[in-house]
Amino acid sequence: MTTPAPATAPPLRIGAACTGWIGGWALHGPVTAGARATVTFVASRDRDRARRHAEANSVPAYGSWPELLMCSDVDAVYLATPNSDHLTKARQAVLAGKHVLCEKPLSCDASAVEELLALAARRGVLVQEAYHYRDHPAVARVLAALRAGAIGRVRRITVDYGWLLDRPCDVRLRPELDGGAFLDVGCYGVDLLHSLVPGTWSVLDVQAVRGPTGVDLESRARLALRSPHPVRAEVRAALRAPATVCEAHIEGTEGAVRLLSPFAPVPPPGAGTAGLGFRAEWEHSAGAPIEPVPIRAATSYHHQLDAFAARVASRAPAETAALVSRARVLAEVRNRMEKNR
Ligand SMILES: NC(=O)c1ccc[n+]([C@@H]2O[C@H](COP(=O)([O-])OP(=O)(O)OC[C@H]3O[C@@H](n4cnc5c(N)ncnc54)[C@H](OP(=O)(O)O)[C@@H]3O)[C@@H](O)[C@H]2O)c1
């Protein structure tokens, strides 16, 4: 869903609620590298941390979240706080008239997401969930080819995303902050299903292995889309994979493809076996071969920022149906995990 940026649009002014690791990779790095955005405010629960983060990244203003919302130099917010905090902050930002780029997952509450998007539409602001990989041109070309029938009709999708989390105090290990493997990396698989075959996905069954804090350290969900043609899927997520695994296998009526590192097209340093970046290995395909787009230095986060700024400038609509459906699927996966306890 990349939208060309109007060449005349000024850089989008972003207020950042992110003093954690991902802020550097997803926001400050791309801005420094020339993305069409600038960071005008950093918010933290701790004023001193906000100041240090602002100074380290040459951001002119800092303060609390309420101060960020009142700042007239902020057009949009980037939310990279724990998962449980996303929906509340996104709603507050929309009420303050700010566009929202929210880290995944936005929420597991589909009706709240629906209300948020309706509110955003009334206020004339965009809410986008940060599935950055889709904005990378190499991934976007392959997804578009698959949607156009490169392997015929998609029949089966298997997604594996796992890494080794070795920080005992990480937010992902805290159930009250909506931690766990499925919400951390399984959500990418759920996004890929919706991207390839939009519609109403149902959860068939879920298995999870929990850690001492109660969050799932490994989980798998089997899903199905019944109409118009049946599609089956399995999404596997892990926070205790011995080495990073990031791949998807997609089978169609006329071929198949293996996507390597689809969710980290230009991977961060130390990304293990996913460190080679995105590749598509076509097992066979219908029609002409799909020319790969070379992986260059600009990261998927850089492309995401450019695309987000372009969507804001062109007043592109939110991808409402997919946002709501992803939230519904994630909620169902969590409910099944609870029932299986
Ligand atoms: N797109 C990607 O590739 C990617 C990669 C990593 C993470 N993420 C997403 O980014 C989000 C943050 O992950 P992270 O690894 O960056 O986490 P993190 O390093 O722990 O940072 C989270 C930030 O949120 C704030 N925070 C911490 N606990 C909070 C709480 N209880 N309530 C409100 N704010 C709190 C902290 O800022 P202050 O203490 O300064 O307020 C902290 O800097 C998650 O949603 C995750 O899924 C995405």
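Counting from 1, residues in each chain are numbered in the order their sequence is written. Local features in a predicted model are, by the rule used here, given only for residues with pLDDT of at least 70; side-chain atom pairs are given and counted only at 80 or more, and totals for whole chains, interfaces and linings are based on all residues. Working from all heavy atoms in the structure, the side-chain values ignore hydrogens and water.

*Asks:* It is not clear to me how helix H9 (residues 320–339) should be interpreted in this structure. Could you clarify?
*Replies:* Owing to its 3.6 residues per turn, the α-helix aligns residues three or four sequence positions apart on the same side. Between the first and last C-alpha of H9 there are 29 Å, a value that for 20 residues agrees with the 28 Å anticipated at 1.5 Å per step. Three labels apply to residues, based on accessible area from a 1.4 Å probe with only protein chains included: buried if under 20% of the type maximum, exposed if over 50%, partly exposed otherwise in between. What counts as a helix is a DSSP run of H or I of at least four residues, what counts as a strand is a run of E of at least two, and both are numbered from the N terminus. Buried residues of H9: Leu323, Val324, Ser325, Arg326, Ala327, Val329, Leu330, Ala331, Val333 and Met337, and no others. Lining the buried residues of H9 we find helix H5 (110–123), strand E6 (127–129), helix H7 (181–196), strand E8 (201–210) and strand E9 (216–225). The span one expects for a helix is its residue count, reduced by one, times 1.5 Å. Whether two residues touch is decided by their heavy atoms; if any such pair falls within 4.5 Å, the residues are in contact.

*Asks:* Honestly, the domain arrangement of the protein chain in this entry has me stumped. Any pointers?
*Replies:* Interface extent is often summarised as the accessible area lost during association of the parts. Note that domain bounds follow an automatic or database assignment of domains. In terms of domains, the protein chain is made up of domain 1 (12–131) and domain 2 (137–298). Between the C-alpha centres of domain 1 and domain 2 there is a distance of 25 Å. Contacts between the two partners involve nine residues from domain 1 and, on the opposite side, 13 residues from domain 2. Reported buried area values correspond to the accessible surface (1.4 Å probe) lost by two parts on association, with both partners' losses combined. Of all residues in domain 1, Trp25, Lys104 and Tyr131 bury the most surface against domain 2, accounting for 47% of the area lost on that side. Between Lys or Arg on one side and Asp or Glu on the other, a salt bridge is scored when a side-chain nitrogen of the former is within 4 Å of a carboxyl oxygen of the latter. For the pair domain 1 and domain 2, the number of links is one salt bridge. The residue Asp184 makes a salt bridge to Lys104 at a minimum N-O spacing of 3.6 Å. Definition of a polar contact: a pair of N or O atoms within 3.5 Å, with one able to donate and the other able to accept a hydrogen when the atoms are protein atoms, and with sequence-neighbouring residues admitted only if both atoms are side-chain atoms. At the surface where domain 1 touches domain 2, the tally comes to four residue pairs in polar contact (both at pLDDT 80 or more). Split into classes, the residues belonging to the side of domain 1 that touches domain 2 amount to six nonpolar, two polar and one charged. Classification convention: Asp, Glu, Lys, Arg as charged; Ala, Val, Leu, Ile, Met, Phe, Trp, Tyr, Cys, Pro as nonpolar; all other residues, Gly among them, as polar.

*Asks:* Looking at this model, I keep getting lost on H7. Mind explaining?
*Replies:* Its 16 residues give H7 an end-to-end C-alpha distance of 22 Å, which sits within 8% of 22 Å, the value for a rise of 1.5 Å per residue. Two axes are fitted around each residue, one to the seven residues ending there and one to the seven starting there, and the angle between them is reported as the bend at that residue. Residue Cys187 marks the point of greatest curvature in H7, where the axis turns by about 40 degrees. In terms of burial, H7 is a largely internal element, 16 of the 16 residues being buried.

*Asks:* Quick question: what am I supposed to make of the nonpolar core here?
*Replies:* Note on soluble globular proteins: their nonpolar side chains tend to be buried together. Residues enter a nonpolar core if they are buried and are Ala, Val, Leu, Ile, Met, Phe, Trp, Tyr or Cys, with the set joined through side-chain atoms within 4.5 Å. If you look at the biggest cluster of nonpolar residues, it comprises 52 residues, and the most contacted ones within it are Ile157, Phe182, Trp201, Leu223 and Ile250. Those residues within four positions of Leu223 in sequence are excluded, and the remaining contacts are Leu193, Trp201, Ser202, Val203, Leu204, Val231, Arg232, Ala233, Val235 and Val329. In terms of nonpolar packing, the next biggest core, distinct from the first, is built from 27 residues, Ala17, Phe41, Ala90 and Leu323 among them.

*Asks:* Where do I start with the packing of H5 against H9 in this structure?
*Replies:* Packed helices, taken two at a time, are described by their axes: the angle between them and the distance between them. Here an angle of 0 to 180 degrees is reported between the N-to-C directions of two axes, which are lines fitted to C-alpha atoms, with helices fitted over the stretch in contact. Their axes nearest at 8 Å, the elements H5 and H9 cross at an angle of 155 degrees. By the criterion of interaxial angle, the relationship of H5 to H9 is roughly antiparallel. Viewed along their axes, H5 and H9 form a crossing whose handedness is right-handed. For the pair H5 and H9, contact is made by Ala110, Val113, Glu114 and Leu117 and by Thr320, Leu323, Val324, Ala327 and Arg328, respectively. For classification, angles of less than 35 degrees are called roughly parallel, those exceeding 145 degrees roughly antiparallel, those between 65 and 115 degrees roughly perpendicular, and all remaining angles oblique. Take the far helix as your reference; a near helix turned counterclockwise from it by less than a right angle gives a left-handed crossing, and one turned clockwise gives a right-handed crossing.

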